[in-house]
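Chain by chain, the residues:
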Amino acid sequence: MGISVSENSKADDSVTRLAEVKSRIGAAEREAGRAAGSARLVAVSKTFNADEVLPVIEASQRLFGENRVQEAQAKWPGLKTDFPDIELHLIGPLQSNKAKEAVALFDVIETVDREKIAVELAKEIARQGRSPKLYVQVNTGSEPQKAGIEPQAAIAFVQRCRDVHGLKIDGLMCIPPADENPGPHFALLAKIAREANVDLLSMGMSADYGVAIAFGATSVRVGSAIFGSR
Ligand SMILES: *Cc1c(COP(=O)(O)O)cnc(C)c1O
């Protein structure tokens, strides 16, 4: 009721594309000799509103990624009430003055990348009694404009998060430079994870999630290949 034909077909498109992405993830897992389901799909819904996300939820997708705390606060509390098994990932930079909101809303925070954020997260986790999973973002290409800890400082930072701030670090995340072959960046992230004793690897986006799965991604963050261009 009240849904125009064009909105309906847009929803059909995203559901069709979701199925295609899932099938390509399955193929990449098999090619890499990995177990089915070992690379999980985080559907990146940034810039799309709740009405546009709903068909994808109804098609049984449960992991979603957002890059802005405020946008997520406007979109997700209602959807999470209706679908309590949704797992919401923060994949964009976190300002320390938003740590409170981020801990309250997100189930996974993938962008821990500096001491100040670690301090604020530890404070909020203790205060709220809510413990999102935490990943450290690594700036594998050492790009000055990009968030993330420098690769050579990453292991010590993971250790400080654990030992000094009492945070459990479950994963690492990276966004390779847009104009480079992503493979070496994924390999570097996997190597740092092994040395830091971290299990989860968030890497790969619409253009390169197949490559990321070959390099051991345990989750891929796919937006435009599902929801269309932003
Ligand atoms: C937007 C975004 C994605 C998804 O990008 P697509 O190319 O649309 O798949 C993945 N990761 C991060 C950190 C993002 O900000």
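Data block above holds the structure.
Every value quoted in this text rests on a predicted model; they were computed, and no experiment measured them.

1. Concerning the overall build of the chain
- Within the chain, the secondary structure is distributed over 9 helices and 8 strands.
- In summary, the chain has a C-alpha radius of gyration of 17 Å against a globular reference of 17 Å for 230 residues, a match within 12%.
- Oriented by its inertia axes, the alpha-carbon framework of the chain measures out at about 55 × 40 × 30 Å.
- Looking at the chain as a whole, 49% of its 230 residues qualify as buried.
- Residue pairs in contact within the chain that sit at least 24 positions apart in sequence constitute 58% of those at least 6 positions apart.
- Only carbon and sulfur atoms are counted for the fraction: they give 51% of the accessible area of the chain, which is about 11000 Å².
- Here the chain carries 28 positive and 30 negative side-chain charges, and the mean point of each set is 3 Å from the other.

2. Regarding the pattern of salt bridges
- Applying the stated criterion across every chain yields a total of 13 salt bridges.
- Between Asp-107 and Arg-130 there is a salt bridge, with its nearest N and O atoms 2.9 Å apart. Here Asp-107, found in the loop between helix H4 (99-105) and strand S4 (108-112), pairs with Arg-130, found in the loop between helix H5 (115-128) and strand S5 (133-137); they are 23 residues apart in sequence, far enough to count as distant.
- We note a salt bridge from Arg-160 to Glu-115, for which the minimum N-O separation is 2.8 Å. With Arg-160 in helix H6 (residues 151-163) and Glu-115 in helix H5, the pair connects residues that are 45 residues apart, well separated along the chain.
- Judged by relative accessible area, Arg-160 falls into the partly exposed class, the value being 39%.
- Here the salt bridges do not stand alone but share partners, grouping Glu-66, Glu-71 and Lys-75 into one network.

3. A few points about the pairing of strand S1 (residues 40-44)
- Extensive coverage of S1 is indicated by the burial of 4 of its 5 residues.
- Pairing analysis gives 4 bridges linking S1 to strand S8 (residues 219-222), with the strands arranged parallel. Within S8, the residue paired with Arg-40 across the bridge is Ser-219.
- In this sheet, strand S2 (residues 63-66) lies alongside S1 in parallel orientation, the contact comprising 2 bridges. In the sheet register, Val-44 faces S2, and the bridge partner there is Gly-65.
- The parallel pair S1 and S2, bridged by helix H2 (residues 50-58), forms a crossover whose chirality is right-handed.

4. A short note on the nonpolar core
- Judged by nonpolar contacts, the single largest core of 61 residues is most densely connected at Phe-64, Trp-76, Ile-109, Leu-121 and Leu-172.
- When residues in this core are grouped by element, the largest group, 6 residues, is from helix H7 (residues 183-196).
- If near-sequence neighbours (up to four positions away) are discounted, Ile-109 is found in contact with Leu-90, Leu-94, Ala-102, Val-103, Leu-121, Pro-132, Lys-133, Leu-134 and Tyr-135.

5. Structural notes on the site of the ligand
- Around the ligand sit Val-44, Lys-46, Ile-91, Met-173, Ile-175, Met-205, Ser-206, Arg-221, Val-222, Gly-223, Ser-224 and Arg-230, and those are all the residues in its vicinity.
- In the model, an oxygen atom of the ligand is placed 2.8 Å from a nitrogen or oxygen of the Arg-230 side chain.
- When the ligand is considered free in solution it has 390 Å² of accessible area, and contact with the protein chains removes 88% of it.
- Of the residues belonging to the shell around the ligand, the class tally is 6 nonpolar, 3 polar and 3 charged.

Procedures and definitions
- Residues numbered from 1 in each chain as written.
- Predicted model: local features only at pLDDT ≥ 70, side-chain atom pairs only at ≥ 80, totals over all residues.
- Heavy atoms only, no water.
- Helix = DSSP H or I, 4+ residues; strand = E, 2+ residues; numbered from the N terminus.
- Rg over C-alpha atoms; globule rule 2.2 N^0.38 Å.
- Buried < 20%, exposed > 50% of the residue type's maximum accessible area, 1.4 Å probe, protein only.
- Contact = heavy atoms within 4.5 Å.
- Areas by Shrake-Rupley, 256 points an atom, 1.4 Å probe, with all protein chains shown as cover.
- Lys, Arg positive; Asp, Glu negative; His and termini not counted.
- Charge placed at Lys NZ, Arg CZ, Asp CG, Glu CD.
- Salt bridge = Lys/Arg side-chain N within 4 Å of Asp/Glu carboxyl O.
- Pairing = 2+ DSSP bridges.
- Right-handed = clockwise from strand over helix to strand, strands pointing away.
- Core = buried A, V, L, I, M, F, W, Y, C linked by side-chain atoms within 4.5 Å.
- Near = heavy atom within 4 Å.
- Polar contact = N/O pair within 3.5 Å; in protein donor to acceptor, adjacent residues only side chain to side chain.
- Nonpolar A, V, L, I, M, F, W, Y, C, P; charged D, E, K, R; others polar.

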